[in-house]
Amino acid sequence: MKNKLISTLLAVLASLILFNCSSNEKSGDGEVVKKKRREISMDKRAEEQKTKLFGNLGNNKSTTFEFSTSNVLWRASLESLNFLPLNTVDYSGGVIVSDWYSPNLSNESIKIEIRFLSSELKASSVMVKSFKKICETSKCQTKNMDNSFNKKIKDKIITKAREIKILDETNKKK
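Because the structure is predicted, anything quoted here is derived from the model rather than measured.

Student: Please clarify how the overall build of the protein should be interpreted in this entry.
Tutor: Within the protein, the secondary structure is distributed over 6 helices and 5 strands. Sequence-ordered secondary structure for the protein, helices as α and strands as β, is α-α-α-α-α-β-β-β-β-β-α. Relative to its 174 residues, the protein shows a buried fraction of 25%. Long-range contacts, defined here as pairs at least 24 residues apart, represent 42% of the contacts in the protein between residues at least 6 apart. Taken as a whole, the protein presents about 12,100 Å² of accessible surface, with 54% of it coming from carbon and sulfur.

This is how it looks when you write it as structure tokens:
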């Protein structure tokens, strides 16, 4: 992975140098060059974020099942949302989205989205967004839920992740 990363960085550096020396910038077409630099920079940052979030999955031949079962935040999130129907569960994209859920046949339903920003066991590693849909006759209105609700969900996930981690460490000692 280090060789691949070094090769990628060298390719990006070489591209930047070539773009910097190109005649497009001198001929007044500097916006094209700036746009290409931003695209390269964004691609590089996306790759770095992917590596930070999911580790070195390519070289160790681990399966996605092994990853999802070893990530305590992922497992805790699924367990915390086990009462909801899930619409999207994408561990490679780092996102879980529930379907609309109404506990009783009311005109209100909720939807929860969880994004994983890091695999570290801390509150800043998880972002929770929730939405409330209120339908009256044929008109529905969707609103963001308040931050206190999102914080409760996040706290539940972090607490569950700590419990799972302690249990995993106890089982490893046996």
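Student: Looking at this model, I keep getting lost on the sheet that holds strand β3 (residues 108-116). Mind explaining?
Tutor: Backbone-to-backbone hydrogen bonds join strands into a sheet, with any given pair of strands oriented parallel or antiparallel. One open sheet holds the 5 strands; their spatial order is β1-β2-β3-β4-β5, and the pairing between them is antiparallel. The sheet is open, and its two borders are formed by β1 (86-90) and β5 (139-144), each paired with just one other strand. Averaged over all pairs of adjacent strands, the angle between their axes in this sheet comes to 10°, without regard to strand direction. Where strand β4 (residues 126-136) lies against β5, 6 bridges are found, and the strand directions are antiparallel. Residue pairing in the sheet places Glu 136 in a bridge with Lys 139 of β5. Of the strands in this sheet, β3 and β4 touch helix α6 (residues 147-173), which is tilted by about 135° from β4.

Student: For this particular structure, what's the right way to read the state of the cysteines?
Tutor: Where two cysteines share a covalent bond between their sulfur atoms, that bond is called a disulfide. In this structure the tally under the stated criterion is 1 disulfide. Here Cys 135 pairs with Cys 140 through a disulfide, and the sulfurs are 2.0 Å apart. Taking the sign of the S-S torsion, about 110° here, the bridge from Cys 135 to Cys 140 comes out right-handed. According to the relative accessible area criterion, Cys 135 is partly exposed, its value standing at 21%.

Student: Just checking my understanding: could you explain helix α5 (residues 72-80) for this structure?
Tutor: Because an α-helix packs 3.6 residues into every turn, residues spaced three or four apart end up facing the same way. By the burial criterion, the buried members of α5 are Val 72, Leu 73, Trp 74, Ala 76, Ser 77 and Ser 80. Backbone nitrogen of Leu 73 and a side-chain oxygen of the N-cap are separated by 3.0 Å at the start of α5; the cap is Asn 71.

Student: Even after reading the chapter, I still don't get unusual backbone geometry, so can you show me in this structure?
Tutor: Excluding glycine, residues mostly carry a negative phi; peptide bonds, for their part, are mostly trans. One non-glycine residue, Thr 137, lies in the positive phi region at around 50°. Of note, Thr 137 is situated in the loop between β4 and β5. For Thr 137, a relative accessible area of 82% corresponds to the exposed category.

Student: How should the side chain of Ser 80 be read in this particular structure?
Tutor: For Ser 80, the location among the structural elements is in helix α5. Ser 80 gets classed as buried once you look at its relative accessible area, which sits at 4%. In this structure, Ser 80 is in contact with Lys 156, Ile 157 and Lys 160, ignoring residues within four places of it in sequence.

Basis of the calculations
Residues numbered from 1 in each chain as written. Predicted model: local features only at pLDDT ≥ 70, side-chain atom pairs only at ≥ 80, totals over all residues. Heavy atoms only, no water. Helix = DSSP H or I, 4+ residues; strand = E, 2+ residues; numbered from the N terminus. Buried < 20%, exposed > 50% of the residue type's maximum accessible area, 1.4 Å probe, protein only. Contact = heavy atoms within 4.5 Å. Areas by Shrake-Rupley, 256 points an atom, 1.4 Å probe, with all protein chains shown as cover. Pairing = 2+ DSSP bridges. Axes fitted to C-alpha atoms, helices over the stretch in contact; angles between N-to-C directions. Disulfide = S-S within 2.5 Å. Polar contact = N/O pair within 3.5 Å; in protein donor to acceptor, adjacent residues only side chain to side chain.

Nothing here speaks to function; it is all geometry.
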